[in-house]
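The primary structure of each chain is shown beneath.
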Amino acid sequence: MDICGIGKEVLAYIMSMSRNDLCWCGSGKKYKKCHKDYDERIGEMKFDVFKGQVRPPHKIINNAKDIEAVRKSGVVNDGTLDLMEELVRPGVSTAFLDDAARDYIESHGGIPACLDYEGFPKSTCISINEVVCHGIPSKKTILKEGDIVNIDITTNLDGYFADASRMFIVGGKTTPEAQRLVEVARECMELGIQAIKPWGWLGDIGDACGRHAHENGCSVVTDLGGHGVGKEFHLEPFVPHVGKKGTGMLLVPGMILTVEPMINQGTYQVDVDKGDNWTVRTKDRKLSAQWEKTVLVTETGTEILSS
Ligand code: MF3
Ligand code: CO
Ligand code: CO
C-alpha cells in the first residue's frame with residue numbers, strides 16, 4: 001500500500017528520523033539539511049521488481065569527507081599505475097613490477113589492498129594475454145614483446161579504497177587484432193562510464209559496454225564485474241558489463257563504483273586455475289583485455305577518482 005505515493009517502508013523510515021537528528025550519511029549535518037529530500041525522492045519513486053530495480057542502501061552512499069578520502073587514495077593509486085607505465089618493458093618479471101608497486105603505495109602511506117585479500121599472495125594483479133584477471137605476479141613470469149598486459153592496482157589509504165587498472169602493450173607493438181581488442185576494451189569502459197547519470201540505472205552501464213563489445217565482434221565476461229568501492233574494497237552493487245537500460249539499482253549522487261569490463265576475442269566463458277585458485281583465463285585461451293576506473297556519481301554526472 002502507498003500513502004501519498006510514498007512507499008510504506010520508506011515512509012516509516014523517514015518518520016522514524018527526526019528532522020533535527022544527525023544525518024545517517026555521517027556528514028554531521030542535521031537530517032533536514034542533508035539527505036531528507038533524498039530519502040523522500042526515493043520514497044516517492046516506483047521500483048519495478050521485474051526490472052530488478054532497487055534502492056541503493058545507505059551504506060554505499062558516501063559523504064563529502066568519504067569522497068575526499070577516496071580521492072586521496074586515488075592519487076596514490078594513479079601514481080602507482082603511472083610508475084608501472086615507466087617500468088613495463090620486455091624482460092621484466094611481473095614480481096619486479098609488483099614489488100615496485102608495493103614500495104610506491106607504502107612509501108605514500110597506503111597499503112596495497114590486494115595483499116592478503118582473501119588469501120591473494122601479492123600486492124597487484126598482473127594478467128597477460130589469455131589471462132582475464134587475478135594473475136599472480138611471479139619471478140618466473142617475464143614480459144615479452146607483443147604481450148598485452150593488464151595491471152590492476154587497489155590502494156587502501158586511511159581505510160579508503162581506490163581501484164583501477166590499465167592495459168600495456170609490451171614493447172609498444174603487437175598484432176593488429178590484439179591492439180584492436182585493447183582499444184575496444186577501453187572504449188567499452190569509457191562508454192560504460194558515460195552512461196552513468198545520477199538518478200539513472202545500473203543496467204545503463206552494461207547496456208553501453210556490452211553493445212559496443214558485441215558490435216565489434218568481441219564478447220563480455222559475465223562471471224566477474226565491477227563493484228561498489230570506498231570504505232571497503234568490494235561493496236554492493238555488483239556492476240555487470242552487459243545489461244539492459246533502466247534495470248538494476250538506482251544510481252544516486254555519492255555512490256562510488258568501478259567500471260571494469262573484461263572483453264574477450266573469443267568466448268565470454270572463463271575458468272579459474274586449478275593450481276592457484278586465482279588466475280582467471282578465457283576458456284578458449286584467446287586474448288582478453290580490461291580497463292578499470294573508480295567513478296563517483298555526482299549531482300550532475302560523474303567524477304573519476306582513480307584511473
Ligand atoms: N582489483 C580487483 C578488482 O578490480 C580485485 C582483485 S582481488 C585480488 O576488483 F585478490 F585478486 F587481488
Ligand atoms: Co581492480
Ligand atoms: Co575492481
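Each value, and the rule that gives it
- Residues numbered from 1 in each chain as written.
- Chains lettered and ligands numbered in written order.
- Predicted model: local features only at pLDDT ≥ 70, side-chain atom pairs only at ≥ 80, totals over all residues.
- Heavy atoms only, no water.
- Helix = DSSP H or I, 4+ residues; strand = E, 2+ residues; numbered from the N terminus.
- Contact = heavy atoms within 4.5 Å.
- Expected span 1.5 Å × (residues − 1).
- Buried < 20%, exposed > 50% of the residue type's maximum accessible area, 1.4 Å probe, protein only.
- Donors = N, O, S within 2.8 Å, 3.2 Å for Na, K, Ca; no water.
- Tetrahedral: all angles 85-135°; square planar, octahedral: opposite > 155°, others 65-115°.
- Pairing = 2+ DSSP bridges.
- Near = heavy atom within 4 Å.
- Polar contact = N/O pair within 3.5 Å; in protein donor to acceptor, adjacent residues only side chain to side chain.
- Nonpolar A, V, L, I, M, F, W, Y, C, P; charged D, E, K, R; others polar.
- Domains from an automatic or database assignment.
- Salt bridge = Lys/Arg side-chain N within 4 Å of Asp/Glu carboxyl O.

Regarding the environment of Pro90
Next, step 1: Along the chain, Pro90 falls in the loop between α3 (64-87) and α4 (94-107).
Next, step 2: Remark: the alpha-carbon pair of Pro90 and Lys144, spanning 54 residues in sequence, is separated by 4.5 Å.
Next, step 3: Ignoring anything within four residues of it in the chain, the contact list for Pro90 reads Leu143, Lys144, Glu145, Val170 and Gly171.

What to know about helix α6 (residues 203-215)
Next, step 1: Under the 1.5 Å per step criterion, the end-to-end length of α6 is 18 Å for 13 residues, consistent within 8% with the ideal 18 Å.
Next, step 2: Counting buried positions along α6 yields 10 of 13 residues, so the element is predominantly enclosed.
Next, step 3: Looking at the buried residues of α6, the elements they touch are α5 (176-194), β8 (219-220), β10 (235-239), β11 (256-259) and β12 (262-264).
Next, step 4: Looking at the residues trailing α6, positive phi occurs at Gly217, about 70°.

Digging into the coordination of the cobalt ion (ligand 3)
As a benchmark, a tetrahedral metal site with four donors has ideal angles of 109.5 degrees, while an octahedral site with six donors has ideal angles of 90 or 180 degrees.
Next, step 1: Protein-derived coordination of the cobalt ion (ligand 3) comes from Asp163 (OD), His227 (NE2), Glu260 (OE) and Glu292 (OE), at a distance range of 2.0 to 2.2 Å.
Next, step 2: Taken together, the 6 donor atoms surrounding the cobalt ion (ligand 3) define angles of 52 to 162° at the centre, an arrangement classified as irregular.
Next, step 3: Written as a sequence motif, the donor arrangement for the cobalt ion (ligand 3) is D-x63-H-x32-E-x31-E.
Next, step 4: The metal-metal distance between the cobalt ion (ligand 3) and the cobalt ion (ligand 2) comes to 3.3 Å, with Asp163 coordinating both. Placement of Asp163 in strand β7 (residues 160-169) and of Glu292 in the loop between β15 (288-290) and β16 (293-297) is noted, with a sequence separation of 129 residues between them.
Next, step 5: By relative accessible area, which is 1% here, Glu292 ends up buried.

Describing the coordination of the cobalt ion (ligand 2)
Next, step 1: Around the cobalt ion (ligand 2), the protein contributes the donor atoms Asp152 (OD), Asp152 (OD), Asp163 (OD) and Glu292 (OE), at 2.1 to 2.4 Å from the metal centre.
Next, step 2: The coordination sphere of the cobalt ion (ligand 2) comprises 6 donor atoms, whose angles at the metal cover 58 to 166°; the geometry is irregular.

What about the sheet that holds β15?
Next, step 1: Across the sheet, which stays open at both edges, the 3 strands sit in the order β8-β12-β15 with antiparallel pairing between neighbours. Edge positions in the sheet fall to β8 and β15, since each of these pairs with one other strand and no more.
Next, step 2: In this structure, β12 lies alongside β15, joined through 3 bridges in antiparallel fashion. Each bridged residue has a counterpart across the sheet, and for Asn264 the counterpart in β15 is Ser288.

Points about the site of ligand 1
Next, step 1: In the vicinity of ligand 1 lie 14 residues, with Cys114, His227, His234, Glu260 and Glu292 positioned nearest.
Next, step 2: His227 has a polar side-chain atom sitting 3.0 Å from an oxygen atom of ligand 1.
Next, step 3: The residue makeup of the shell around ligand 1, split by class, is 6 nonpolar, 4 polar and 4 charged.

A word on the domain arrangement of the protein
Next, step 1: According to the domain assignment, the protein consists of domain 1 (8-46) and domain 2 (58-306).
Next, step 2: Relative placement of domain 1 and domain 2: their C-alpha centres are 34 Å apart.
Next, step 3: Contacts between domain 1 and domain 2 engage 11 residues on the former and 8 residues on the latter.
Next, step 4: On inspection of domain 1 and its partner domain 2, the count reaches 0 salt bridges.
Next, step 5: On inspection of domain 1 and its partner domain 2, the count reaches 5 residue pairs in polar contact (both at pLDDT 80 or more).
Next, step 6: Take the side of domain 1 that touches domain 2: its biggest share by element is 4 residues, from helix α2 (residues 36-44).
Next, step 7: In the side of domain 1 that touches domain 2, the residues fall into 6 nonpolar, 3 polar and 2 charged.

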